[in-house]
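Observations on the three-dimensional arrangement
Below, each chain spelled out in residue letters.
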Amino acid sequence: MQTVLSGIRSTGHLHLGNYFGALRNFVRIQDDYNCYYFIADLHSLTTHPHPDDFHANVRTILAEYLAAGLDPEKVTIFVQSDVPEVSELYVLLNMISYKGELERTTTFKDKVRLAKAKARNVRLEDVAEDDHNDEGINISAGLLTYPVLMAADILIHRADFVPVGKDQEQHLEYARVLARRFNNMYGEEVFTEPRAFNFGSGLIKVPGLDGSGKMGKSEGNGIYLYDDEKTITKKVMKALTDSGPVEPNSPMPECIENLFTLMALVSEPSTVEYFKEKWNDCSIRYGDLKKQLAADICKVTLPIRERIDAIYNDDAYLHKVVSEGRDKARTSASATLALARKAMGFKVF
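Let me sum up the structure you'll find in this document. These numbers were taken from a predicted model, which means no experiment stands behind them.

Attention now goes to the overall build of the chain. Tallying secondary structure elements over the chain gives 14 helices and 5 strands in all. Against the 2.2 N^0.38 benchmark of 20 Å for 349 residues, the chain shows a C-alpha radius of gyration of 22 Å, consistent with a compact globule. Each principal axis of the C-alpha atoms in the chain carries an extent, and together these give about 75 × 50 × 40 Å. Classification of the 349 residues of the chain by burial places 48% in the buried group. Taking the intrachain contacts of the chain between residues at least 6 apart in sequence as the baseline, contacts between residues at least 24 apart amount to 77%. Surface exposure of the chain reaches about 17,300 Å², of which carbon and sulfur atoms provide 50%. Once the 42 positive and 50 negative side-chain charges of the chain are each reduced to a mean point, those two points are 1 Å apart.

What follows is the structure, given as structure tokens:
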């Protein structure tokens, strides 16, 4: 079977963006592909988590993976740092990565702009994209080389497909670049060039509740799989809206379009169509829209939430899952790393 790989950073509870952008796809394909799904704890170090939270966050993602439907009997579930071969390949790939191309990645530029905005206490929009004044900010080398570590994650298992959201498309393309560059430099087809897995539809970018951008853990604009009904309803009812349309069939502002994007993910098509008609004839009531959206989100997430607690507190089961996943992942990773080392000229004395 062809190999699929993906992972999610251990920086807190999973949100709807993680679920619809990746996790739901993970579950859908676990019967038909050779799947590797990992918890990206090394990637989470870019946000400098407190040591007391580090393990708990890994445990949280593991429990939520399983609660959402991943079956460790069908797929390999592992913790990124349990596979040291990934870190070694990361070092090797850094040697064929170039500073200029890494600095041009959209996510890196966005993180730098955000850091500058926070340091200067201004809005993100007030920091120009070509602003080169780095005074007062510290950007880690790990953030710069984040795409290289992601490439190592993918290439170490010679993955054919990677289920990614829109914001990760550029990183996936960089993994393809490094695979091609390595194979060309060393004259051997060591790595497979991975492709996006999107089930024949467009890659999903789940918007946040703050009116723009994507749903994210650090942005504080998300709905989490672990949120209870009261919390979900409160968050949705506070979502940004405008004063409403004043002319029939008006174009939607981004904040309203975002609400409809979320509704399209969780609601029946007839429900979405009903509220679109209300928008088009200028009779829409945002309170009604939000109540319906909150209720439909709860139908998706509350069954998952019920399973999370039981799994999180089952030490024996969690240990079994990660131990078996580690062994399977290391077997795969060791074989690929051996090929890469051989191609580069490493010898065993």
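Turning to the layout of surface pockets, a few remarks are in order. A volume near 330 Å³ is recorded for the second largest pocket. Surrounding the second largest pocket, 13 residues form its lining, Phe108, Val112, Lys116, Asp131 and His132 being those nearest its centre. Among the elements that take part in the lining of the second largest pocket, helix H6 (residues 106–120) stands out by supplying 5 residues, more than any other. Classifying every residue of the lining of the second largest pocket by side-chain character gives 4 nonpolar, 1 polar and 8 charged.

According to the stated counting rule, one finds 19 salt bridges in the structure shown. Of the charged contacts in the structure, one is a salt bridge between aspartate 31 and lysine 74, with a shortest N-O distance of 2.8 Å. A residue pair is termed long-range when its members are at least 10 positions apart, and aspartate 31 in the loop between helix H1 (16–28) and strand E2 (34–40) and lysine 74 in the loop between helix H3 (51–67) and strand E3 (76–79) qualify at 43 residues. A single salt-bridge network, built from bridges that share partners, covers Lys116, Arg120, Asp131 and Asp134.

A few words on the state of the cysteines. Put plainly, two cysteines are in a disulfide when a covalent bond ties their sulfur atoms together. Under the defined criterion, the tally for this structure stands at 0 disulfides. No disulfide involves cysteine 255; its sulfur sits 15 Å from that of cysteine 282, the nearest cysteine.

Here we take up the environment of lysine 235. With respect to the element layout, lysine 235 can be found in helix H10 (residues 229–237). On the accessibility criterion, lysine 235 (24% relative accessible area) is partly exposed. Sequence spacing of lysine 235 and alanine 115 is 120 residues, and the spatial spacing of their C-alpha atoms is 26 Å. If sequence neighbours within four positions are ignored, lysine 235 has contacts with Leu209, Gly222, Ile223, Tyr224 and Asp227.

Attention shifts here to the pairing of strand E1 (residues 3–9). On any regular strand, side chains alternate: one points to one face of the sheet, the next to the other face. Among the 7 residues of E1, 5 are classified as buried, and the element is accordingly described as predominantly covered. As for the winding sense of the linkage, the β-α-β connection from E1 through H1 to E2 is right-handed.

Tallying each qualifying case throughout the model produces 2 cavities of 30 Å³ or more. What the largest cavity holds in volume is close to 40 Å³. Lining the largest cavity are Pro72, Val75, Thr76, Ile77, Lys320, Val321, Glu324, Gly325 and Lys328. Mapped by element, the contributors of at least two residues to the lining of the largest cavity are E3 and helix H14 (315–344). Ranked by residues supplied to the lining of the largest cavity, first place goes to H14 with 5 residues. In the lining of the largest cavity, the residues fall into 4 nonpolar, 2 polar and 3 charged. Put simply, the second largest cavity is a space of about 30 Å³. What lines the second largest cavity is Gly208, Leu209, Asp210, Gly211, Leu240, Cys255, Asn258, Leu259 and Leu262. Taken together, the residues of the lining of the second largest cavity break down into 5 nonpolar, 3 polar and 1 charged.

Rules of the game
Residues numbered from 1 in each chain as written. Predicted model: local features only at pLDDT ≥ 70, side-chain atom pairs only at ≥ 80, totals over all residues. Heavy atoms only, no water. Helix = DSSP H or I, 4+ residues; strand = E, 2+ residues; numbered from the N terminus. Rg over C-alpha atoms; globule rule 2.2 N^0.38 Å. Buried < 20%, exposed > 50% of the residue type's maximum accessible area, 1.4 Å probe, protein only. Contact = heavy atoms within 4.5 Å. Areas by Shrake-Rupley, 256 points an atom, 1.4 Å probe, with all protein chains shown as cover. Lys, Arg positive; Asp, Glu negative; His and termini not counted. Charge placed at Lys NZ, Arg CZ, Asp CG, Glu CD. 1 Å grid on protein atoms, 1.4 Å probe; cavity = no way out; pocket = protein on both sides within 12 Å on 5 of 7 lines; lining within 4 Å. Points joined across faces, edges and corners; volume = space filled by probe spheres on them. Nonpolar A, V, L, I, M, F, W, Y, C, P; charged D, E, K, R; others polar. Salt bridge = Lys/Arg side-chain N within 4 Å of Asp/Glu carboxyl O. Disulfide = S-S within 2.5 Å. Right-handed = clockwise from strand over helix to strand, strands pointing away.

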